[in-house]
Amino acid sequence: MWGGRFAEGPAAVMREINASIPFDKRMWRQDVAGSRAHVAMLGAQGIVAADDVAAIDAGLEEVAAGYAADGVPDDLAMEDIHMLTEARLSDAIGPAAGRLHTARSRNDQVATDFRLWVRDATDQVLAALAALDDALLARAEDHAGSVMPGFTHLQSAQPVTLGHHLMAYHEMVSRDISRFRDNRARGNLCPLGSAALAGTGFPIDRHATAAALGFDGPTRNSLDSVSDRDFALDYLMAAVQCSLHLSRLAEEFVLWASQPFGFVALSDQWSTGSSIMPQKRNPDAAELVRGHAGRISGCLVSLMVTMKGLPLAYSKDMQDDKPPVFECHDLLAISIAAMTGMIESATFRTDRMRGLAESGYATATDLADWLVREANVPFREAHHITGRAVARAEALGCTLDAVPLADLQAIDARITDAVYGVLSVDASVASRRSFGGTAPDNVRAAIRAAREART
Ligand code: ARG
């Protein structure tokens, strides 16, 4: 394609290091779509004659049909998907194929293809996140009133509802959805027609190609257009944050599925056995989601470091932009799908959760709050009195609501029988009605609001 000034072909290793076709062939659909939009515009502007445009367009369709039927070969001599498509077009229609690249460079071509690919990937992620969110909302609804221990420092802290806990992940997923949507809107501009770096002298219509490819308009600066990979970094950053959320949920599933916790039983479909220990049910998928988050972060770091310090405009380093984005997308897509499946099919052991919530003195704050409210004790003093009550319960080996009234009154005479009304875990969660609190009614309202916001 560029042999005119060369007497010799490239060394074998040169050819190998230069070739991107083993990975960028994944963009063949976007490459063909971009070329078809480009040639239609060249025809409409009178830059290429109508019969050549028709031949090129039909030829591109034929090339695409060949890719769809037989796949795209790793033809290193062709360097990248753009060169291979043009070579195939030339085989199909002859010299007219040479008119396709008028007023275009591979620099704006690859930037356009990659933007289209990332946009498609973003749409796939958004659909997958909606399904994950549906699963979270459904299970939160099942368990709006199921009491579990809430933790800080992984120590039993205050009782919460499982529905509230799951709705915390709904909030994270909602932010992920909004980040991917923002990215899609910001990145939906078309670099095609920026040519190599300076624009072109041909009377092209960049607005037409942008519209034909579903972009909101053309990018504004030709230098920026061919050297900008912010859209890919934005995708990776949103993916990293999403994967951090998935990883935290995965970690909770791993913990919860362990025997000491016993909060969740993963379904057979989402568990694996051991080759030596017959009793095992391992949460491998959750562990892999947790692991994949590390690799996804690596993808972001990879492209950040590639882009750092590159002068304008295009440099070949930028060819290394695609492998981390493709890898990230595959890891993220399977992670979202796996978490969705695990959530949908998990059995939550609510009896076990309740038992642990009741045994961890999780309603100690409720006792302190009662002293503040009913006996007008300053909170700091109430905290101290309650600490002594917990120590007494520990000494007696019982839960807080089983400590006899006489024992409580020996600690502080202002405590009355009425205190037992706030010491149960159900009373505790029901009382937490502040906006965003864990009360079952709040959780149900949050689920309703989330569903309304969606439609
Ligand atoms: N394969 C190249 C890439 O992915 C296409 C652009 C090549 N441009 C160039 N000036 N060599 O970045």
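Residues numbered from 1 in each chain as written. Predicted model: local features only at pLDDT ≥ 70, side-chain atom pairs only at ≥ 80, totals over all residues. Heavy atoms only, no water.

Inclusion rule: UniProt positions are given in the numbering used here, feature names are shortened, and annotations may be inferred rather than shown by experiment.
In the annotation of an unreviewed UniProt entry, the chain is listed under the name Argininosuccinate lyase and assigned to Sphingomonas ginsenosidimutans. Per its UniProt entry, the chain bears the Catalytic activity (unreviewed entry) comment "2-(N(omega)-L-arginino)succinate = fumarate + L-arginine". Per UniProt, the chain carries the Sequence similarities (unreviewed entry) text "Belongs to the lyase 1 family. Argininosuccinate lyase subfamily."

## Overview of the layout of surface pockets
Defined as follows: Computed over the protein atoms alone on a 1 Å grid, cavities are sets of points where a 1.4 Å probe fits but cannot get out and pockets are open sets with protein on both sides within 12 Å along at least five of seven lines; a residue lines them when it has an atom within 4 Å of a point. Grid points are joined across faces, edges and corners, and a volume is the space filled by probe spheres set on the points. Runs of E in the DSSP output that reach at least two residues are strands. Runs of H or I that reach at least four are helices, and both are numbered from the N terminus. Each residue receives one of three labels: charged for Asp, Glu, Lys and Arg, nonpolar for Ala, Val, Leu, Ile, Met, Phe, Trp, Tyr, Cys and Pro, and polar for the others, Gly being one of them.
Volume-wise, the largest pocket comes out at about 380 Å³. Along the walls of the largest pocket sit 18 residues, with His164, Glu171, Gly436, Asn442 and Ala446 positioned nearest its centre. With eight residues, helix 7 (residues 162-187) is the single largest residue contributor to the lining of the largest pocket. Taken together, the residues of the lining of the largest pocket break down into ten nonpolar, six polar and two charged.

## Some remarks on the pairing of strand 1 (residues 147-152)
Heads up, the condition is: Here, any two strands with at least 2 DSSP bridges between them count as paired.
The pairing of strand 1 with strand 2 (residues 155-161) spans six bridges and is classified as antiparallel. Within the sheet, the bridge partner assigned to glycine 150 lies in strand 2 and is glutamine 158. Where strand 1 folds back onto strand 2 in an antiparallel hairpin, the turn is made up of two residues, including histidine 153, whose phi is positive at roughly 60 degrees.

## Notes on the side chain of serine 243
The line we're drawing: The contact rule is simple, with two residues in contact once any of their heavy atoms fall within 4.5 Å.
With respect to the helices, strands and loops of the structure, serine 243 is situated in helix 10 (residues 230-257). Setting aside residues no more than four positions away along its own chain, serine 243 makes contact with Ala293, Ile296 and Leu332.

## Some words on the site of the ligand
Rule in force here: Distances are taken per atom, and a residue is near a molecule or strand as soon as one of its heavy atoms is within 4 Å of it. By the criterion applied in these results, polar contacts are pairs of N or O atoms within 3.5 Å in which, for protein atoms, one can donate a hydrogen and the other can accept it, and in which residues neighboring in sequence qualify only through two side-chain atoms. In these tables, accessible area is a Shrake-Rupley quantity obtained with a 1.4 Å probe, and a residue counts as shielded only by the protein chains included in the view.
All residues adjacent to the ligand are Ser20, Asp24, Asp80, His82, Arg106, Asn107, Val110, Tyr314, Lys316, Gln319 and Lys322. Within the side chain of tyrosine 314, an N or O atom sits 2.5 Å from an oxygen atom of the ligand. Between the ligand and lysine 322, the relevant distance is 3.0 Å, taken from an oxygen atom to a side-chain nitrogen or oxygen of the residue. Protein contact buries 86% of the 340 Å² of open area that the ligand shows by itself. It is helix 6 (residues 106-142) that provides the largest number of residues to the shell around the ligand, a total of three residues. Looking at side-chain class alone, the shell around the ligand contains two nonpolar, four polar and five charged residues.

## Some remarks on a nonpolar patch on the surface
Selection rule: Residues enter a patch when their relative accessible area is above 30% and they make no salt bridge; the linking distance is 9 Å between like charges and 5 Å between nonpolar side chains (Val, Leu, Ile, Met, Phe, Trp, Tyr). Salt bridges are identified by distance alone: a Lys or Arg side-chain nitrogen within 4 Å of an Asp or Glu carboxyl oxygen. With a 1.4 Å probe rolled over the protein chains alone, any residue whose accessible area is under 20% of its type maximum counts as buried; one over 50% counts as exposed, and the rest are partly exposed.
A grouping of Met237, Val301, Met304 and Val305 is seen on the molecular surface, where their side chains present a nonpolar patch of about 340 Å² in accessible area. If you tally residues by element for the nonpolar patch, the top one is helix 11 (residues 284-307), at three residues. In this structure, valine 301 sits in helix 11. Overall, the relative accessible area of 43% leaves valine 301 in the partly exposed class.

## Here we look at the domain arrangement of the chain
Note the following rule: The split of the chain into domains comes from an automatic or database domain assignment. Buried area: the accessible area, evaluated with a 1.4 Å probe, that two parts lose upon being put together, summed over both parts.
As far as domains go, the chain holds domain 1 (12-102), domain 2 (107-142 + 158-355) and domain 3 (358-453). One C-alpha centre belongs to domain 2, the other to domain 3; they are set 41 Å apart. Each partner contributes to the interface: domain 2 provides 14 residues, whereas domain 3 provides 19 residues. Summed over both partners, the interface of domain 2 with domain 3 comes to about 1,400 Å²; 55% of that surface belongs to carbon and sulfur atoms.

## Considering the UniProt feature "domain: Fumarate lyase N-terminal" (unreviewed entry) in the chain
With numbering matched to this structure, UniProt assigns "domain: Fumarate lyase N-terminal" (unreviewed entry) to residues 6-298. Strand forms 5% of residues 6-298 and helix 62%; the C-alpha atoms that close the span are 39 Å apart.

## Some details on the nonpolar core
Just so we agree on the cut-off: In these notes, a set of buried Ala, Val, Leu, Ile, Met, Phe, Trp, Tyr and Cys residues joined through side-chain atoms within 4.5 Å is what counts as a nonpolar core.
By size, the foremost hydrophobic cluster in this structure holds 69 residues, and its most contacted members are Phe180, Tyr235, Phe253 and Leu332. Residue assignment for this core shows that the elements contributing at least two residues are helix 6, helix 7, helix 10, helix 11, helix 12 (322-345) and helix 18 (440-454). Considering each element in turn, this core owes the most residues, 15 residues, to helix 10. Here this core gathers at least three residues from each of two domains, domain 2 (107-142 + 158-355) and domain 3 (358-453). Every residue in contact with phenylalanine 253, bar those within four places of it in the chain, is listed here: Val264, Leu266, Ala286, Met339, Met342, Ile343, Ala346 and Phe348.

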